[in-house]
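# Structural features, examined
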Amino acid sequence: MVLCAKSEAGLGFVTPPDAAPVGERVCFEGFPGEPESNPKRIQKKKAWETCMPDLATDAEGVACYRGVPFATAAGKCTAAIKSAPIS
């Protein structure tokens with residue numbers, strides 16, 4: 001999935017740290033969970049529509065969900081566009 005931060009200043013991709021391996025899971029401290037194993041359940045829950053309003057970059061360009069940084073073992077995911085919604 002490709003995520004971008006968007007503002008009047010432009011559009012910027014949300015990118016993982018350079019040291020993060022391809023396919024590493026992005027986690028959010030305080031939001032434990034396992035991936036849904038049944039794709040039909042995901043469709044019924046409309047997960048994207050539920051989460052999207054709570055995605056944004058902070059003042060430093062760190063991608064966040066409800067104010068909690070997107071994190072990998074290698075560090076935080078960032079975008080060049082600061083204080084902007086992510087879609």
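Residues numbered from 1 in each chain as written. Predicted model: local features only at pLDDT ≥ 70, side-chain atom pairs only at ≥ 80, totals over all residues. Heavy atoms only, no water.

## Comments concerning the sheet that holds strand β3 (residues 55–57)
Keep this limit in mind: Strand pairing is assigned whenever DSSP detects at least two bridges linking the two strands. Secondary structure is summarised from DSSP: a helix means a run of H or I of at least four residues, a strand means a run of E of at least two, and numbering begins at the N terminus for each.
In spatial order, the strands read β3-β4-β5; together these three strands make up an open sheet with antiparallel pairing. Where the open sheet ends on each side, the last strands, each with one partner, are β3 and β5 (68–69). For strand β4 (residues 63–65) and β5, the ladder comprises two bridges, and the chain directions are antiparallel. Counterpart to C64 in the pairing with β5 is P69.

## Thoughts on the packing of aromatic side chains
Applied cut-off: Whether two aromatic rings pair depends on their centres lying within 6.5 Å, for rings of Phe, Tyr and Trp, where Trp uses its six-membered ring; planes under 30 degrees apart make the pair stacked, over 60 edge-to-face, and the rest tilted. Each residue gets one of three labels from its accessible area relative to the maximum for its type: buried under 20%, exposed over 50%, partly exposed in between, using a 1.4 Å probe on protein chains only.
Evaluated as defined, the whole model comprises three aromatic pairs. Note on F28 and Y65: the rings are 5.8 Å apart at their centroids and 65 degrees apart in plane angle, and the pair reads as edge-to-face. One end of the pair, F28, is in the loop between β2 (10–13) and α1 (39–45); the other, Y65, is in strand β4, with 37 residues separating them in the sequence. Residue class for F28 comes out partly exposed when judged on its relative accessible area of 23%. In this structure Y65 comes out as buried when scored by relative accessible area, which is 13%. Centre to centre, the rings of F28 and F70 are 4.9 Å apart; their planes meet at 80 degrees, and the pair counts as edge-to-face. Here F28, found in the loop between β2 and α1, pairs with F70, found in the loop between β5 and β6 (71–72); they are 42 residues apart in sequence, far enough to count as distant. In this structure F70 comes out as buried when scored by relative accessible area, which is 6%. Site record: aromatic cluster; members linked through ring pairs are F28, F31, Y65 and F70.

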